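Inside the fold
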Amino acid sequence: MDNKDRAATLVVGAIAGAVALSLYNKTKTARSSARGSAASLNSTSTPAAAARKVDSVSSSDDEDDDISRGVLLRPYEHDKRMRARIRQAAGASKDDGESGGGHGKEYPVDDDDAQRLQRTYSIREEVVREAAMERNRVVVRVPATSANMGPGFDCLGMALSIWSEVTMERSDKFEIVFEGAGFEEVPLDETNLLVTGAKAAFKAAGKAMPPLRYKCVNRIPYARGMGSSSAAILAGLIGGLVLAGHKLPMWGAEELLQLACEIEGHPDNVAPVIYGGCQLGIHNHTRWITERVQLPPGIQVVLFIPNFIGKTSDARAVLKDQVDRKDAIFSIGRIAWLVLALQSGNVNNLRAGCEDKMHQPQRARQDAYKHVNPMIEAAIAAGADTAYLSGSGPTVAAITSGAAGDIFLQRTKERVDKQVAEAMLQAAASVNVGGETFITTPTDGGAYVVSAEPKFSEGAIRYPGDV
Ligand SMILES: Nc1ncnc2c1ncn2[C@@H]1O[C@H](COP(=O)(O)OP(=O)(O)OP(=O)(O)O)[C@@H](O)[C@H]1O
Ligand SMILES: N[C@@H](CCO)C(=O)O
């Protein structure tokens, strides 16, 4: 990703972040007021001002102020707050450079609290130093993802309930066995992204990369706009970390996200692969950060997956370096609108929220993507709340809502997703594009280790994959 792309991601992501943050704060008002006067971000008058505030909260020296007031609670702030509180509990000066704050603020700590924090902090220190056991074999599951969702170019994406499974084991020679989607096209040499991920993991561990055997049962459509490359990167990274016996510092660092973004270049697929759900990610000038965007309950994702591949590198090549101001204004409003609609559950606003002028029209003008516009119109006419080009395409995703429980228990005529899938197939046929539809749901969870050898379980503490 070049600097221009990164700047665009920052602006779009920051605005969407401001919207999400405003909603988040609304839900946290009770907690904030219980802690005392809240420097409410809700009072921020413009999206731009809110975006500046987001940035200052995450990176300025005022961080401790905001944290102590309970205005925000984010994973990467836990570490700093904990350190400050422990230091205060221990009676140390807050001004010797370590706490990063030095405001002389009184933190609400009693003896029990201090002991608990001290204990937690000790555990955290052990985690940082911990040299985990190297392992011989590991199985990892990684989800498909649908990025961009219209205007969230390079910054927004959601994880889908389509999982690939990768087994990695130490071997006397390098080998990749690939089954399922893309088995005829995927490179089986060291350029495979599973290997790229694994190499990054061993590098992070400071260990030489041993010969590994990879077996991938791939259910994520290959090079179709459903995040097959990000899933492969994360499978390699996670599997590699487990084999290397290296645990990343997660508190305050989101280190796995940094490693994955360094390879992929943007967080819109890799963040939902790691954390699940819908994720909004930006680069804050120092590192990649991401936040969960709540999804409305009961939504389904209807995918039309063409029977041809569309490489992201080709789909990016059609985009110009410069964006017209009116197109930027159009898309900035839409990403804010989309995040607001998702967070608030107002599915009626999803349609406008998924409109875009940054990449979708440019890509849809290509002959290979001629199905995109007719299909979006057909899906919406058939009852979808919205539809958009998934990732860099050529897959089109439509969102339907109102589902509850298992769809196979629902009367066919009441199933909006089926009507939408049929309409998408008809639209594809009308422009002579072949493919299939796939009906799925977002998944709340991200990539996970299914099992490892030797096992993780010991004594009475057991884990599902080890049972
Ligand atoms: N194990 C792998 N799985 C998938 N793609 C791989 C793998 N290893 C290497 N690649 C490369 O990544 C490319 C696919 O990534 P690409 O970004 O084009 O599609 P995608 O990730 O499926 O879609 P999108 O990023 O738009 O959601 C392939 O052309 C291939 O060169
Ligand atoms: N945001 C990316 C997604 C695919 O990697 C793009 O649209 O090119």
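Conventions used here
Residues numbered from 1 in each chain as written. Chains lettered and ligands numbered in written order. Predicted model: local features only at pLDDT ≥ 70, side-chain atom pairs only at ≥ 80, totals over all residues. Heavy atoms only, no water. UniProt positions renumbered as here; feature names shortened; annotations may be inferred. Helix = DSSP H or I, 4+ residues; strand = E, 2+ residues; numbered from the N terminus. Buried < 20%, exposed > 50% of the residue type's maximum accessible area, 1.4 Å probe, protein only. Contact = heavy atoms within 4.5 Å. Areas by Shrake-Rupley, 256 points an atom, 1.4 Å probe, with all protein chains shown as cover. Axes fitted to C-alpha atoms, helices over the stretch in contact; angles between N-to-C directions. Parallel < 35°, antiparallel > 145°, perpendicular 65-115°, else oblique. Left-handed = near helix turned anticlockwise from the far one by under 90°. Nonpolar A, V, L, I, M, F, W, Y, C, P; charged D, E, K, R; others polar.

Looking at an unreviewed UniProt entry, one finds the chain named Homoserine kinase, with Ectocarpus siliculosus as its source organism. Comment text from UniProt for the chain, heading Catalytic activity (unreviewed entry), reads "L-homoserine + ATP = O-phospho-L-homoserine + ADP + H(+)".

As a further point, take the overall build of the chain. Each helix and strand in the chain was counted, giving 16 helices and eleven strands. Expressed as a percentage of its 467 residues, the buried residues of the chain come to 51%. Counted over contacts in the chain with a minimum sequence separation of 6, partners at least 24 positions apart contribute 72%. Entry remark: accessible area of the chain is about 21,400 Å², with carbon and sulfur atoms responsible for 51%.

Within the secondary structure, Gly277 sits in the loop between helix H10 (267–275) and strand E5 (278–283). Along the primary structure Gly277 and Asp444 are separated by 167 residues, whereas in three dimensions their C-alpha atoms are 4.4 Å apart. When sequence neighbours within four positions are dropped, the list of residues in contact with Gly277 reads Gly157, Met158, Ala159, Pro272, Arg292, Thr443 and Asp444.

A few words now on the packing of helix H15 (residues 372–381) against helix H16 (residues 416–430). Closest axis-to-axis distance for the H15/H16 pair is 8 Å, and the angle between their directions is 150°. Between H15 and H16, the angle falls in the class roughly antiparallel. Read as a crossing pair, H15 and H16 show a hand that is right-handed. Every residue of H16 that contacts H15 at Pro374, Met375, Ala378 and Ala379 is listed here: Val420, Ala423, Met424, Ala427 and Ala428. Tallied by class, residues from the contact of H15 with H16 come to nine nonpolar, no polar and no charged.

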